[in-house]
Amino acid sequence: MAPPAPGAAPAAPVSGRPARLVVVNGPDAVRGRTYVVQPGKVTVIGRDSQVDLAIPSDRISRRHCQLEPTADGVFVLADLGSSNGTLVNQERIAGRKVLFGGEYIQVGDVLLQFAEG
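This write-up is about the structure you can find in this document. (Residues numbered from 1 in each chain as written. Predicted model: local features only at pLDDT ≥ 70, side-chain atom pairs only at ≥ 80, totals over all residues. Heavy atoms only, no water.)

Turning our eyes to something else, we now look at the environment of glutamate 116. Along the chain, glutamate 116 turns up in strand β11 (residues 110-116). Along the backbone, glutamate 116 and glycine 102 are 14 residues apart, and their C-alpha atoms lie at a distance of 8.0 Å. (Helix = DSSP H or I, 4+ residues; strand = E, 2+ residues; numbered from the N terminus.)

Structure, rendered in structure tokens:
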């Protein structure tokens, strides 16, 4: 499945319900796995075993990026100073990026898709 074309109209913001991260491509140990992201908790993604979503890949920083819920029920993605950066729909993010659902998130050699509930 290909990411949406740049400039495509975003969907409505994600509600206060749990969201999902699906590993579209990456190491065999996690490929195809779905992770539930809770709206009331920051979720840190990285290769360190102590983060919330640990992915075993040398191309991912120990603490690569995080998904942060906001008071109005949307999720914001932020890179945590990773070596390889974080991409959303093939564009490197600088600072924080609001997610609307359906976005593809690239961390190192791993492709995730963000989806509501």
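In this section: the packing of aromatic side chains. Counting across every chain of the model gives 1 aromatic pair. Seen in terms of ring centroids, phenylalanine 75 and phenylalanine 114 are 5.6 Å apart; in terms of plane orientation they differ by 70°. Their pairing is edge-to-face. Placement of the pair is phenylalanine 75 in strand β6 (residues 75-79) and phenylalanine 114 in strand β11, with a sequence separation of 39 residues. Here phenylalanine 75 falls in the buried class, since its relative accessible area comes to 0%. (Phe/Tyr/Trp six-rings, centres within 6.5 Å; stacked < 30°, edge-to-face > 60°. Buried < 20%, exposed > 50% of the residue type's maximum accessible area, 1.4 Å probe, protein only.)

Attention now moves to the pattern of salt bridges. Oppositely charged side chains may form a pair once their charged atoms are brought near each other. A full pass over the atoms with the stated rule returns 3 salt bridges. One salt bridge in this structure joins arginine 31 and aspartate 28, with 2.8 Å as the shortest N-O distance. A residue is classified by how much of its surface remains accessible, and arginine 31, at 43% relative accessible area, is partly exposed. In this structure, the salt-bridge partner of glutamate 68 is arginine 96, at a minimum N-O distance of 3.0 Å. Of the two residues, glutamate 68 is situated in strand β5 (residues 65-69) and arginine 96 in strand β9 (residues 96-99); the sequence distance between them amounts to 28 residues. Note on glutamate 68: relative accessible area 25%, which makes it partly exposed. (Salt bridge = Lys/Arg side-chain N within 4 Å of Asp/Glu carboxyl O.)

Okay, the nonpolar core next. Grouped together as the largest cluster of nonpolar side chains are 22 residues, with contacts concentrated most on Leu21, Ile55, Leu67, Leu77, Ile105, Leu112 and Phe114. Looking at this core, the elements with two or more residues in it are β1 (19-25), β2 (34-37), β5, β6, β10 (104-107) and β11. Not counting chain neighbours up to four residues away, the residues in contact with leucine 77 comprise Cys65, Gln66, Leu67, Thr86, Val88, Ile93, Gly95, Arg96, Lys97, Leu99 and Ile105. (Core = buried A, V, L, I, M, F, W, Y, C linked by side-chain atoms within 4.5 Å. Contact = heavy atoms within 4.5 Å.)

The sheet built from 6 strands is open, its strands ordered β2-β1-β11-β10-β7-β8 with antiparallel pairing. Each of the sheet's edge strands pairs with one partner strand only, and the pair in question is β2 and β8 (91-92). Summarising the sheet, strand β7 (residues 86-88) and β10 pair through 3 bridges and their orientation is antiparallel. In the strand pairing of β10, valine 88 is matched with isoleucine 105. (Pairing = 2+ DSSP bridges.)

Function cannot be inferred from these measures alone, as they are strictly geometric.
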